[in-house]
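These are the residues of each chain, in order.
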Amino acid sequence: MDDAFTLAWQYSAGLVFPEDLPMAAAGLLAAGIGGDSPALCDLAGRPGRGEPPVELTELLWQAMAELGLPVPDDGFVQRSLLHHTAARLVSGEITPVEAVAALWSRIDERTTGAERRLAELVDQVCCPGCVDTWPVEVTRDWEREMRAAAVEVASAADHRNAASWHRG
């Protein structure tokens, strides 16, 4: 069920587009997840392109309910996106500036100190292009701090059980 919940938060974060939901639903069914959910089966049978996004979204949320999974709230989505982006930064898949472009900042009461630090570093940049106007040493220091904060967030033990964030 973690895969279904991951799909839900990634969709909420804008990492999965409405037209991609049918293929993602089919992937869940192929993995043996959600076969008893009529909404997930319906979603998997849709073509995606040309379908009203509202209908696809409603089917996803209905499938979540049928599977007994909560719809991720904004705080959960922000934390998940922060961890996902931190892991991509640590792996070298993206740069610190690309991480800023991928993140939107919203801190809630569940945010850890490490998550808050990374979000604060993101908030120092008004737009990804403005980093180019900073003095080289300021940019270098900020990038070093971004990478260090990303390592701390990506290696946090609680990110491995992200679904529990929403319940607690």
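Residues numbered from 1 in each chain as written. Predicted model: local features only at pLDDT ≥ 70, side-chain atom pairs only at ≥ 80, totals over all residues. Heavy atoms only, no water.

A. Representation of the overall build of the protein chain in the model. Broken down by element type, the protein chain carries 9 helices and 0 strands. Seen in sequence order, the protein chain has helices and strands lined up from the N terminus as α-α-α-α-α-α-α-α-α. Burial statistics for the protein chain: of 168 residues in total, 42% are counted as buried. In the protein chain, once contacts between residues fewer than 6 apart in sequence are set aside, the share between residues at least 24 apart is 67%. Element-wise, carbon and sulfur atoms account for 54% of the exposed surface of the protein chain, whose accessible area totals about 8,500 Å². (Helix = DSSP H or I, 4+ residues; strand = E, 2+ residues; numbered from the N terminus. Buried < 20%, exposed > 50% of the residue type's maximum accessible area, 1.4 Å probe, protein only. Contact = heavy atoms within 4.5 Å. Areas by Shrake-Rupley, 256 points an atom, 1.4 Å probe, with all protein chains shown as cover.)

B. Structural view of helix H7 (residues 113-123). Looking at H7, one finds that the buried residues are Ala114, Glu115, Leu118, Ala119, Leu121 and Val122. Buried residues in H7, looked at end-on, bunch into an arc of 160°, giving them a common side. (Arc of directions from axis to C-beta.)

C. Broad picture of the nonpolar core. Leu21, Leu43, Leu118, Trp142 and Met146 are the most contacted members of the largest nonpolar core, which has 45 residues in total. Elements with a contribution of two residues or more to this core: helix H1 (2-12), helix H2 (21-30), helix H3 (38-44), helix H4 (53-66), helix H5 (74-91), helix H6 (96-102), H7 and helix H8 (136-154). If sequence neighbours within four positions are ignored, tryptophan 142 has contacts with Pro96, Val97, Val100, Leu121, Gln124, Val125, Val131 and Trp134. (Core = buried A, V, L, I, M, F, W, Y, C linked by side-chain atoms within 4.5 Å.)

D. Just the packing of aromatic side chains, in detail. Applying the stated criterion across every chain, the model contains 3 aromatic pairs. With 4.9 Å between their ring centres and 65° between their planes, phenylalanine 5 and phenylalanine 76 make a pair best called edge-to-face. Taken together, the residues phenylalanine 5 in helix H1 and phenylalanine 76 in helix H5 connect sequence positions 71 residues apart. Judged on exposure class, the residue phenylalanine 5 and its partner phenylalanine 76 are both buried. Consider the rings of tyrosine 11 and tryptophan 61, whose centres lie 5.9 Å apart with planes at 65°: the pair is edge-to-face. One end of the pair, tyrosine 11, is in helix H1; the other, tryptophan 61, is in helix H4, and 50 residues separate them in sequence. (Phe/Tyr/Trp six-rings, centres within 6.5 Å; stacked < 30°, edge-to-face > 60°.)

E. Molecular detail of the pattern of salt bridges. As enumerated under the stated definition, the model contains 9 salt bridges in all. With a closest N to O distance of 2.8 Å, arginine 46 and glutamate 51 form a salt bridge. Overall, arginine 46 belongs to the partly exposed group, its relative accessible area being 22%. On the basis of relative accessible area, glutamate 51 is assigned to the buried category, the value being 19%. Between glutamate 145 and arginine 117 there is a salt bridge, and its shortest N-O distance comes to 2.3 Å. Residue glutamate 145 is found in helix H8, and its partner arginine 117 is found in helix H7; the two are separated by 28 residues along the sequence. Each member of the salt-bridge network shares a partner with another, and the members are Asp42, Arg46, Glu51 and Glu55. (Salt bridge = Lys/Arg side-chain N within 4 Å of Asp/Glu carboxyl O.)

F. Up close: the packing of H7 against H8. It is at 9 Å that the axes of H7 and H8 come closest, and there the two elements cross at 150°. As judged from the angle between their axes, H7 and H8 are roughly antiparallel. Crossing handedness for the pair H7 and H8: left-handed. Residue-level inspection shows Ala114, Glu115, Arg117, Leu118, Leu121 and Val122 of H7 in contact with H8, the latter providing Trp142, Glu145, Met146, Ala149, Ala150, Glu152 and Val153. Across the contact of H7 with H8, the residue classes tally to 9 nonpolar, no polar and 4 charged. (Axes fitted to C-alpha atoms, helices over the stretch in contact; angles between N-to-C directions. Parallel < 35°, antiparallel > 145°, perpendicular 65-115°, else oblique. Left-handed = near helix turned anticlockwise from the far one by under 90°. Nonpolar A, V, L, I, M, F, W, Y, C, P; charged D, E, K, R; others polar.)

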